[in-house]
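# A structural walkthrough
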Amino acid sequence: MSFAISSTRQLKSYRSPCDRLFRSDVDKNGTFTSPGYPAAYSPSMNCNYEFRGHGRERVQIIFTDFVLHHPHDDPSEKPHHPWLRQSCDGADRVTAFISVGGNKEKIDDFCGSGTPRELMSNSAVMSLHFHSTAVSRGSRGFKARYSFVSNFGITTGEQISSSPCAFRFNSTTSTNGTFWSPNFPGFYPRDTECHYFFHAQVGERVKIVFSYFDIEGMVPCGLTSASDFVEVSNFMTVDRKLPRYCGLQKDLKMESDGAFFRVTFKSNDRFDGTGFYASYQFTPVADAVTITRRRSSSPASSSPYPAGCILLFYVLAYLIS
C-alpha cells in the first residue's frame, strides 16, 4: 500500500508505517494525505502526523478534500445508530491535538464528509491522528495543506516584528481595508494575543465595522467569565469608557476619539471560536473640515494673531478634544 506525501526527503516513519513527521527547518509548507489517497484507505489504521516548527511559528492546516467513512452515511446502518448523527464515535476520524502547559490537549474530532475548518496551533507544534475502525468500508480519505507561519494567517497591515502578534495600519498607506482574527475563517488558536494599531493623520478618525463576530465567552468578557474577548481602546492602555466584547455580536461598529485606536484580540487555553472579520476606514473629522474651509476663505490680515499661533491653537484644540 502506498502512502501519498508531499516531500519524502523530510518525512520519516517512526512508530508505524503511516506515521509522518514534518519539520519547518526542512519545508515551510507542503501537502499530506491519508494512506493510499485518493484510493480507499484500509480499516484498522492508526496514523500520526507530527508538525514541528521553531520560535514564533504556528502550524496551519487547511483540508482541501475530506471524505471519511461514517455509519450514519450508510443507509443500512442508520436505523441501528441514530445517535451517530452528531458524533464521531464509531466513525473513522481525524483528531487534532495541541500542547497546553506541556500537556497534549485535543482540539476536536473530524469525521464524515464535511470539510473541517482551518486549524492553527497555539505554539510551534501540532499533531493529527487518523483512525479508521475495524468495520470501516473505506472512503477516499483526506488531503490537506500544512504551513509553518509567523503572521497568524493575517495578511493585511504591516506586521510589527518586535511583538509576537501585532499589526500596524496607517492612513498614509491605505485609507481603508480589512483585518481579521488569527486563522480566520478557521478556528482561532488558543493562548493567543494579537494587537491591531490604527494611526490616522491629524484631523482624521478611524471607523471600524465588524461584519462577523463570534468570540467564545460571556459578559463581562474576561477572567471572571473565562472568556476570550476583543478589547478596543483610544490608548495603548485600557480605555475604561469602552467595554470588552465577546460572544456573538451583530452590527458592531465603533469610531476612535482621536488619531489613534487599538483593537486587541485575546484567547485563553480553554475553547475555540471562529473569531472576527472587520473593515476599517480613515475619515476626516467634520469639525476639522469646517475649520479648514473657514481659514481658507478668510483673509490672513483680518486676524489679530500671527498665522503660526492660529495653527498651534487648532492643533491643541484637536488634541484636547
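Since we're looking at a predicted model, the values are computed, not measured. (Residues numbered from 1 in each chain as written. Predicted model: local features only at pLDDT ≥ 70, side-chain atom pairs only at ≥ 80, totals over all residues. Heavy atoms only, no water.)

Moving on: the state of the cysteines. Counting across every chain of the model gives four disulfides. The disulfide partner of Cys18 is Cys47, and the gap between their sulfur atoms is 2.0 Å. Given an S-S torsion of about -100°, the disulfide between Cys18 and Cys47 has left-handed geometry. Taken as a pair, Cys18 in the segment before β1 (20–23) and Cys47 in strand β3 (residues 46–52) lie far apart in primary sequence, 29 residues in all. The disulfide partner of Cys88 is Cys111, and the gap between their sulfur atoms is 2.1 Å. One quick way to see it: the torsion about the S-S bond of Cys88 and Cys111 is about -85°, and its sign makes the bridge left-handed. Linking Cys88 in the loop between β4 (58–67) and β5 (93–100) with Cys111 in strand β6 (residues 103–111), this pair joins segments that are 23 residues apart in sequence. Its relative accessible area of 18% is what places Cys111 among the buried residues. Numbered by order of appearance in the sequence, the disulfide-linked cysteines of the protein pair as 1-2, 3-4, 5-6, 7-8. (Disulfide = S-S within 2.5 Å. Helix = DSSP H or I, 4+ residues; strand = E, 2+ residues; numbered from the N terminus. Buried < 20%, exposed > 50% of the residue type's maximum accessible area, 1.4 Å probe, protein only.)

The strand order β1-β3-β8-β5-β6 describes an open sheet built from five strands, whose pairing is mixed. Looking at the sheet topology across the chains shown, the edges are occupied by β1 and β6. Within the sheet, the average angular offset between the axes of one strand and its neighbour, ignoring direction, is 20°. Sheet topology places β5 next to strand β8 (residues 125–131); five bridges connect them, and they run antiparallel. Looking at the pairing, Arg93 lines up with His131 of β8. (Pairing = 2+ DSSP bridges. Axes fitted to C-alpha atoms, helices over the stretch in contact; angles between N-to-C directions.)

Turning to the packing of aromatic side chains, a few remarks are in order. Scanning all chains against the criterion turns up 34 aromatic pairs. Between the aromatic rings of Phe32 and Tyr49, the centroid separation amounts to 5.3 Å while the plane-to-plane angle is 45°, which identifies the pairing as tilted. Of this pair, Phe32 sits in strand β2 (residues 29–33) while Tyr49 sits in strand β3; the two residues are 17 residues apart in sequence, bridging distant segments of the chain. Under the relative-accessibility criterion, Tyr49 is labelled buried at 2%. Here Phe63 and Phe142 contribute two aromatic rings whose centre-to-centre distance is 5.9 Å and whose plane-to-plane angle is 80°, an arrangement assigned as edge-to-face. Taken as a pair, Phe63 in strand β4 and Phe142 in strand β9 (residues 141–149) lie far apart in primary sequence, 79 residues in all. Residue Phe63 is classed as buried on the basis of its relative accessible area, which comes to 6%. For Phe142, a relative accessible area of 0% corresponds to the buried category. Chaining the aromatic ring pairs together yields one cluster made of Phe167, Phe169, Phe179, Tyr188, Tyr196, Phe198, Phe210, Phe213, Phe265, Phe276, Tyr280 and Phe282. (Phe/Tyr/Trp six-rings, centres within 6.5 Å; stacked < 30°, edge-to-face > 60°.)

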